[in-house]
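A closer look at the structure
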Amino acid sequence: MLRPQFPGVNYTRIYRLFSAANLAARKRKKVKRPANERVPLELATTVNEVWSMYFVSDSLSTGRRIKCLTVADDFSRECVSIAVD
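The text that follows walks through the structure, step by step, so that each part is easy to find.

Helix and strand content of the chain: one helix and three strands. Listing each helix as α and each strand as β along the chain from the N terminus yields α-β-β-β. For 85 residues, the compact-globule formula gives about 12 Å, and the C-alpha radius of gyration of the chain, at 27 Å, lies well above that figure. Each principal axis of the C-alpha atoms in the chain carries an extent, and together these give about 70 × 45 × 20 Å. Across the 85 residues in the chain, those meeting the buried criterion constitute 8%.

Now the structure itself:
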């Protein structure tokens with residue numbers, strides 16, 4: 001709250017002033033959220049139903065690195081596309 005009025009004042013100086021005046025600076029509590037239910041992945045039953053994407057990287061003999069995005073069909077395990085950068 002003090003930053004707009006005093007832009008040059010940092011956290012440690014504010015804490016020192018609060019401690020000297022015997023004031024308590026409130027800390028924000030983390031909100032605990034309930035864990036979501038995990039749902040298992042469904043297996044593919046036909047071709048072109050479920051695809052997977054993977055990033056693959058490798059290095060050439062010159063030391064230059066290449067990155068590939070591979071798209072594969074989960075049922076037939078066929079590589080549908082490879083994009084190289």
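Read on for the rest.
Turning to the environment of alanine 44, a few remarks are in order. Mapped onto the fold, alanine 44 is located in the loop between helix 1 (11–20) and strand 1 (51–59). For the pair alanine 44 and phenylalanine 75, spaced 31 residues apart in sequence, the C-alpha separation works out to 5.5 Å. Setting aside chain neighbours within four positions, we find alanine 44 in contact with Glu49, Val50, Asp74 and Phe75.

It is worth spelling out the pairing of strand 3 (residues 79–84) at this point. Pairing of strand 2 (residues 65–73) with strand 3, which is carried by five bridges, proceeds in the antiparallel orientation. Its bridge partner being in strand 3, alanine 72 is matched across the sheet by cysteine 79. In textbook terms, the turn of a hairpin is the stretch between consecutive antiparallel strands, and for strand 2 and strand 3 this stretch comprises five residues, one of which, arginine 77, has a positive phi near 55°.

Criteria and thresholds
Residues numbered from 1 in each chain as written. Predicted model: local features only at pLDDT ≥ 70, side-chain atom pairs only at ≥ 80, totals over all residues. Heavy atoms only, no water. Helix = DSSP H or I, 4+ residues; strand = E, 2+ residues; numbered from the N terminus. Rg over C-alpha atoms; globule rule 2.2 N^0.38 Å. Buried < 20%, exposed > 50% of the residue type's maximum accessible area, 1.4 Å probe, protein only. Contact = heavy atoms within 4.5 Å. Pairing = 2+ DSSP bridges.

No statement about biological role is implied by the geometric values presented.
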